Structures are given as C-alpha cells and as structure tokens.
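Architecture at a glance
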Amino acid sequence: MQRYTPRDMFVEAGYGPSFAAQLIQNAYSKLFEGDPINERICFDASDDMSYIIDIGHDDIRSEGMSYGMYITALTGHERQFDKLWNFSKRYLRNDDGPHVGYFAWQVSTIDFSKMDPGAAPDGEEYFAMALLIAAEKFNRPDLKDEAVGLINWLRNKPNNGIVGPIIDPEWNLVKFSPVLGNDFTDPSYNTVAFYRAFAEATGDDTWLTIANNSIEYLQKAAHPETGLCSEYSEYDGTPRPTPWYPESGCFSGDAWRVAMNLGLDYALFKGHESERNICERLLFFFESRRPYLADYAIDGGNFPRPGRNATPGVIAMNAAATQVLPKGDPLIKPFVKDLAALSVPYRFWRYYDGMLYLIGLLATAGKIRF
C-alpha cells in the first residue's frame, strides 16, 4: 500500500527544522520522566513494568497505556515500550471470562485490579497500531505476531452472549463497546489510517472496507457547516446522547480526536477528499470563533453547560488537522502557532491533555509514520 510522507507543519509555519524535535523531547521528558507530583504521568511498577495514570481520576486506562506505547514506539524508546506492554499484558489483558482477549479499560492504581474488565475500542486499536510500529522500529517479529493476533480478534472474536467483536459485523464499523447492546459508535474511534495498516499486516482486505465505511460514516457524522462531530453517534451519523453522559451528542473531549484521525489518513495515504473537506470546515469554524472553546454543540451553538476555554488537547488536534491543507494555506500558521506556544500540560489534568499534546506534536511535525 502506497504511503506518502507527512509534512512538518512547524517548518511550514516558519519555525526551524529542529523546532518540533525539541518540543517532542521536552514533552516526553516531562510526561514520562519528570517530577512525579506535577509533571509525569508514567510510573514504574517494577524493573520491567510501567503504567500511565489518569491523574485527574486516579486510575489506569487502556487508552493511556496504548497511547504511551504508541508514543514510545514512534519516539524509539524501546525499553519504556516494553515496560508498558508488560504491564498491559499482566494487568489489563483479560485471559479468561467473556472479555477474554480484550484489555480492561479501567484498572486500580492501588492494587492493579480490574475495576471494569470491559474494553474501550480506541485502546485496542492503539495497542495494535503501537505493536505494529514497534515491530518495524525495533525489528521485533514477536510484536508483529502479537499485533496480528489482536487485530484479527477485534473483528473475529466469537459472540459469547455477553461480548462480541469490536467491529460491528453488520455495519463493518467500530462499536462504542463490544458488550452486546452497545450498537452505536464513537466518531473518534474510527481510526481510518490504522485500518489500512491492519489490512496490510493481516492480509485481510475487510479492513479496507472498514476504512472506507468509516470515511462514509464520518461524512454523515460531521456537521455540514462546522465539521464538528459528537462524542457518540448512531451508525448513520446521528448524534447520540446517553443517560450516563447527556452531553455525548455534542462536541467535546473524545471528538477532538476526529480531526487528527482524518488528517493522519490524508497525510499518509492521500485519503478521500471528504477528509480534507471536514477538516477545513472545522478549522474555519474555530478560526472564526477565536478565542475558541473546547466544547460546543455540533452546530456551533452553546454546550449544555459552560464550555471550557480551549485546552492543549483540542489545540493539538486542530494543529494536526492542518496536514490536509495545501502549502501556503493561511489557516496553517495560526493553528500551528497555537500549538507551538503551549507549555507541556502539568498538574491535576495533565493526563489526557498531555497525551493528546504529545501525539499532536508528533502528528503536526509529520513524525507519525507506519
């Protein structure tokens, strides 16, 4: 499958050729190795195991563990990658029961017990992609084998009456949860570029169908004027509020990631023009709302409660979306400059914003390649 070289949008915005590398190194140093009280989110469980804490909620999540592996694979930190993967296999992976083969989305920081054994599909997707990147980066066929096994399980896990595959077999789209009854999706779980890599790794072209279905779905899920997606939606793109999260029909933390997902597929594989169109609409919307917020109704109206000022997470995802823009586009500089001006997230809410900040740096600098 043909790949293209993503651009360094920092260079295109007027920064020097080593500027992005310095930002990435600084972010990695603080989030993975910095002061344990105010900076780092990664901690050792033993000499050969590490875990990432959601500081604000005091738990360990498959999301963070898989993001950490993705980051360490891309940045060449093999020992740290192995420590995160060892912990994930030991404490997050379900080795028996209805969730077997999947990773618990939430684990205790006290005794590493599973607080909820259920899977969050974005975690499974990032685990698989991180393993593929690390297998290539570190010349580790063992990791490729583990990735392929997990990728095949995401689509082919037998339905046991409680849990089924993460990919809905009727819609060929990622589910919100593989627990039966969760027959809807999360726009940000549609990691289109990953699916193309999964097809190549496994030889299963159904993943290319899933990639195409995801693009068609996101065309419907993204608002036709603002480009904003909701947190959760039906498979036809209709926003889905839920009893436990009434704001899930709006644009907020999960949905920030859609822009980067689309930008990455467009940059790596010259994806569908609709990916560019969605990102352009979204960037035009935010540019027109400066100083913009982190939370909106998808039509650009007010969030049901007071929206937060733009956080590092949404700023990083918007900068990553500039990969779809043609060189010289006037929207590149303001969004990249927003990201360049940020400090590494710290203190209480540094986990999610910190992860998205560092992944966004990698994406904006064109460093995500697989």
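Notes on the structure in this doc start here. (Residues numbered from 1 in each chain as written. Predicted model: local features only at pLDDT ≥ 70, side-chain atom pairs only at ≥ 80, totals over all residues. Heavy atoms only, no water.)

1. Structural notes on the overall build of the protein
- Each helix and strand counted, the protein has 13 helices and seven strands in total.
- Taking 2.2 N^0.38 as the reference for a compact globule, 370 residues should give roughly 21 Å; the C-alpha atoms of the protein span a radius of gyration of 19 Å, in line with that estimate.
- Along the first, second and third principal axes, the C-alpha set of the protein runs to 50 × 45 × 45 Å.
- For the protein, contacts bridging at least 24 residues in sequence account for 64% of all contacts bridging at least 6. (Helix = DSSP H or I, 4+ residues; strand = E, 2+ residues; numbered from the N terminus. Rg over C-alpha atoms; globule rule 2.2 N^0.38 Å. Contact = heavy atoms within 4.5 Å.)

2. Comments concerning helix α2 (residues 19-33)
- Look at α2: 21 Å from first C-alpha to last across 15 residues, which is about the 21 Å you get at 1.5 Å a residue.
- Listed as buried for α2 are A20, L23, I24, A27, Y28, L31 and F32. Considered in projection along α2, the buried side chains sweep an arc of 130° and stay on one side of the axis. (Expected span 1.5 Å × (residues − 1). Buried < 20%, exposed > 50% of the residue type's maximum accessible area, 1.4 Å probe, protein only. Arc of directions from axis to C-beta.)

3. Here we look at the pattern of salt bridges
- Inspection of every chain in the model, using the stated rule, returns 23 salt bridges.
- One salt-bridge network, held together by shared partners, links E63, D122, D254 and R257. (Salt bridge = Lys/Arg side-chain N within 4 Å of Asp/Glu carboxyl O.)

4. Looking at the pairing of strand β2 (residues 49-54)
- Most of β2 is tucked away, with six of its six residues classed as buried.
- Residues of β2 alternate between two faces, with M49, Y51 and I53 on one and S50, I52 and D54 on the opposite face, all of them buried.
- Here strand β1 (residues 42-46) runs beside β2; their pairing, made up of four bridges, is antiparallel. Its bridge partner lying in β2, F43 is registered against Y51.
- Once β1 ends, the chain turns through two residues before running back antiparallel as β2. (Pairing = 2+ DSSP bridges.)

5. Quick notes on the sheet that holds β1
- One open sheet accounts for five strands, arranged β1-β2-β3-β4-β5; its pairing is antiparallel. The open sheet has two edge strands with one neighbour each: β1 and β5 (114-116). Looking at each pair of strands side by side, their axes are set apart by 45° on average, direction ignored.
- Alignment of β2 against strand β3 (residues 59-61), held across two bridges, turns out to be antiparallel. Across the sheet, residue I53 finds its bridge partner in β3, namely I60.
- Of the strands in this sheet, β2 and β3 touch helix α3 (residues 62-75), which is tilted by about 60° from β3.
- Its contacts with the sheet place helix α4 (residues 78-92) against β1, β2, β3, β4 (106-108) and β5, and it is angled at close to 75° to β2. (Axes fitted to C-alpha atoms, helices over the stretch in contact; angles between N-to-C directions.)

6. Remarks on the packing of aromatic side chains
- For the structure on display, the rule yields 40 aromatic pairs.
- Where W85 meets F103, the ring centres are 5.8 Å apart and the plane angle is 40°; that geometry is what we call tilted. With W85 in helix α4 and F103 in the loop between α4 and β4, this pair connects stretches of sequence that are 18 residues apart. In this structure, W85 and F103 share a single accessibility class: buried.
- Their ring planes at 35° and their centres at 6.4 Å tell us that Y292 and F335 sit as a pair that is tilted. (Phe/Tyr/Trp six-rings, centres within 6.5 Å; stacked < 30°, edge-to-face > 60°.)

7. Things to note about the side chain of S214
- Checked against the element boundaries, S214 lands in helix α8 (residues 206-221).
- Its relative accessible area of 0% is what places S214 among the buried residues.
- Ignoring any residue separated from it by four or fewer positions in sequence, one finds S214 in contact with L173, N190, V192 and Y195.

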